[in-house]
Amino acid sequence: MSTEHYDVIIIGSGAGGGTLAYRLAPTGKRILIIERGEYVPREKENWDSHAVVVENRYHTNEPWLDKKGKEFHAGTHYYVGGNTKFYGAALIRLRKEDFGDLQHHDGVSPAWPIDYDMLEPYYTEAERLFYVHGERGADPTEPPASAPYDYPALSHEPRIREIYEGLKKQGCKPFPMPVGIKLDETNGRKNGCIRCNTCDGFPCLLHAKADAEVICVEPALRHPNVSIMTGAYVDRLETDASGRSITKVHVRRNGSVEALSANVVVSSCGAINSAALFLRSANDKHPKGLANASDQVGRNYMCHVNSMYLALSQHRNDTKFNKTLGLNDYYFGADDFRLPMGHISLISAIDANILRAGAPRFTPTKPLEVMAEHAVPFWCTTEDLPRAENRVTLSKEGRITLDYTPNNETSHKRLLNKLKGLLKHIECEEHLVPLQAYVPGRIPLAGVAHQNGTLRFGSDSATSVLDTNCKAHEIDNLYAVDGSFFPSCGAVNPALTIIANALRVGDHLKARLS
């Protein structure tokens, strides 16, 4: 067993961990990033929908358990850059109202211990850092911003422009979706991005998607004080005799065990794996898991109520890059339902391979090809509320167990019906294949891309795991910087908020380490 000491150890290299490493790199402090996976291999399969979607080439092979003890394979990824290597780069702020108590159909979404104004400067910085293209003022629910987007909104391709105009004619206020890609539409010669149809859910072969590896980890590693250890699984964290300080980080790599130490340890494994790490690090001082006197570790898991919604039309959809349109008209409700419903946007283009993943086994290829050519894929998100019984636990064998029952489903059904009503007036009601014109598909338990909660932050140690700086209440040098800190989750992709918070916590740690 080898031992080595660092100023900061960051476990995980995704939106939280990668961004934090980037923030701390210029301090000169000795920083180690520990990543369970390796780098995503650059290969033709990066853009092969059969390899990515049907074969799940890049998904983790680690089986988790549901609440009944049944195995399932989560749609998550262990690579440098974390899940951002495969995200659609939708980088949108929580609404200002999301930071306060907000009444929903199934209950109250609880307030955050910090307000929107505290995070706003970091949102602006995160948008700039991650090449977010957008247009201020176009989204009617957009919170106040201290600066315009540095990068202009992405243009709509012809079919999406038709849908955009069709929505406007019905009195809606569609807006350019904030997306983080390295694209200059005024100068094609210098572009990394080629607006391909393999973005959302795929790794970018050109490194033109603003993911945590490209934007944060690689720049951080250019500093001589920053290093990365890949293929390394953190088995547990060990405290001193008092239980107030992490003294060792136990790592398994290449068949051997290493015990590392640091002045500050940061868990950025994702909401599910960070909770699991805290739980499997239980000891005499923390018998229910690290920092778990409140019994909140692993609880309040959220992942949104998400549906992919295929609208089929008599018109072909030859769009390559769909993800340029968003709609928040029903985010806080409507005249006939005065409670929040959620967010609507488009996702990347689909093909027969993607459809086959959810089709009956012996469905012929031709109908799927025709369906894909005439489909417009929408993504509908409704906030799910934190519930103590929705939680991450460990089985007797130490396997991750995810116990989750969706809530706010009435609001989600309302959102889907609103979308369906709109689409009938923009020529998405006819179809050329013997299927329903609208094909909604609820994202199952394995869809953990929006995972958050599990280590909620707050000012009261009796009801939260982390303080407002995302430090564990009960441990002086342990932090969590990923989606686990969310006390509620709004109805937009959590990535930008995770990034912004990592920058905020990074400033706190810079002051602590100075």
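Refer to the preceding data block for the structure.
Because the structure is predicted, anything quoted here is derived from the model rather than measured.

## Side note on the pattern of salt bridges
Right, so step 1: Throughout the structure, instances matching the rule amount to 28 salt bridges.
Right, so step 2: Residue E4 is joined to R30 by a salt bridge in which the shortest nitrogen-to-oxygen separation is 2.5 Å. Of the two residues, E4 sits in strand β1 (residues 2-11) while R30 sits in the loop between α1 (15-24) and β2 (31-34), which places them 26 residues apart along the sequence.
Right, so step 3: Looking at E4, the relative accessible area reads 36%, which means it is partly exposed.
Right, so step 4: The partly exposed category is assigned to R30, whose relative accessible area is 34%.
Right, so step 5: Between E125 and R23 there is a salt bridge, and its shortest N-O distance comes to 2.5 Å.

## Some details on the packing of aromatic side chains
Right, so step 1: Overall, the coordinates contain 15 aromatic pairs when judged by the stated rule.
Right, so step 2: Ring centres 6.2 Å apart and planes at 70 degrees place the aromatic pair Y58 and Y79 in the edge-to-face group. With a gap of 21 residues between them, Y58 in the loop between α2 (49-54) and β3 (63-66) and Y79 in the loop between β4 (71-73) and β5 (102-104) connect regions that are remote in the sequence. There is no split in this pair, since Y58 and Y79 are both buried.

## Observations concerning the sheet that holds strand β20 (residues 400-403)
Strand pairing in a sheet takes place through backbone hydrogen bonds and is either antiparallel or parallel in direction.
Right, so step 1: Spatial strand order, β4-β3-β20-β19: four strands in an open sheet with mixed pairing. Looking at strand neighbours, the two that pair on one side only are β4 and β19 (391-394), the edges of this open sheet. On average, each strand axis in the sheet is inclined to that of its neighbour by 40 degrees, with strand direction left out of account.
Right, so step 2: Both β3 and β20 contribute to a ladder of two bridges, which runs parallel. When the bridges of β20 are listed, D66 appears paired with L402.
Right, so step 3: The sheet contacts of helix α6 (residues 271-280) involve β3, β19 and β20, and relative to β19 the element is tilted by about 40 degrees.

## Let's talk about the environment of C269
Right, so step 1: Checked against the element boundaries, C269 lands in the loop between β14 (256-267) and α6.
Right, so step 2: With a relative accessible area of 26%, C269 lands in the partly exposed category.
Right, so step 3: Sequence spacing of C269 and A259 is 10 residues, and the spatial spacing of their C-alpha atoms is 18 Å.
Right, so step 4: In this structure C269 touches I11, S274, L277 and D482, once residues within four positions along its chain are discounted.

## Quick notes on the side chain of D211
Right, so step 1: Relative to the elements of secondary structure, D211 occurs in the loop between β10 (179-180) and α5 (212-221).
Right, so step 2: Overall, the relative accessible area of 0% leaves D211 in the buried class.
Right, so step 3: What D211 contacts, discounting residues up to four positions off in sequence, is T84, K85, Y87, F130 and C216.

## Focus: the sheet that holds β10
Right, so step 1: As summarised here, the arrangement of the three strands in space is β8-β7-β10, forming an open sheet in which the pairing is mixed. Two strands bound the open sheet, and with one partner strand each, they are β8 (151-152) and β10.
Right, so step 2: The pairing of strand β7 (residues 132-134) with β8 spans two bridges and is parallel. Within β8, the position partnered with G134 by the bridge is P152.

Cut-offs applied
- Residues numbered from 1 in each chain as written.
- Predicted model: local features only at pLDDT ≥ 70, side-chain atom pairs only at ≥ 80, totals over all residues.
- Heavy atoms only, no water.
- Salt bridge = Lys/Arg side-chain N within 4 Å of Asp/Glu carboxyl O.
- Helix = DSSP H or I, 4+ residues; strand = E, 2+ residues; numbered from the N terminus.
- Buried < 20%, exposed > 50% of the residue type's maximum accessible area, 1.4 Å probe, protein only.
- Phe/Tyr/Trp six-rings, centres within 6.5 Å; stacked < 30°, edge-to-face > 60°.
- Pairing = 2+ DSSP bridges.
- Axes fitted to C-alpha atoms, helices over the stretch in contact; angles between N-to-C directions.
- Contact = heavy atoms within 4.5 Å.

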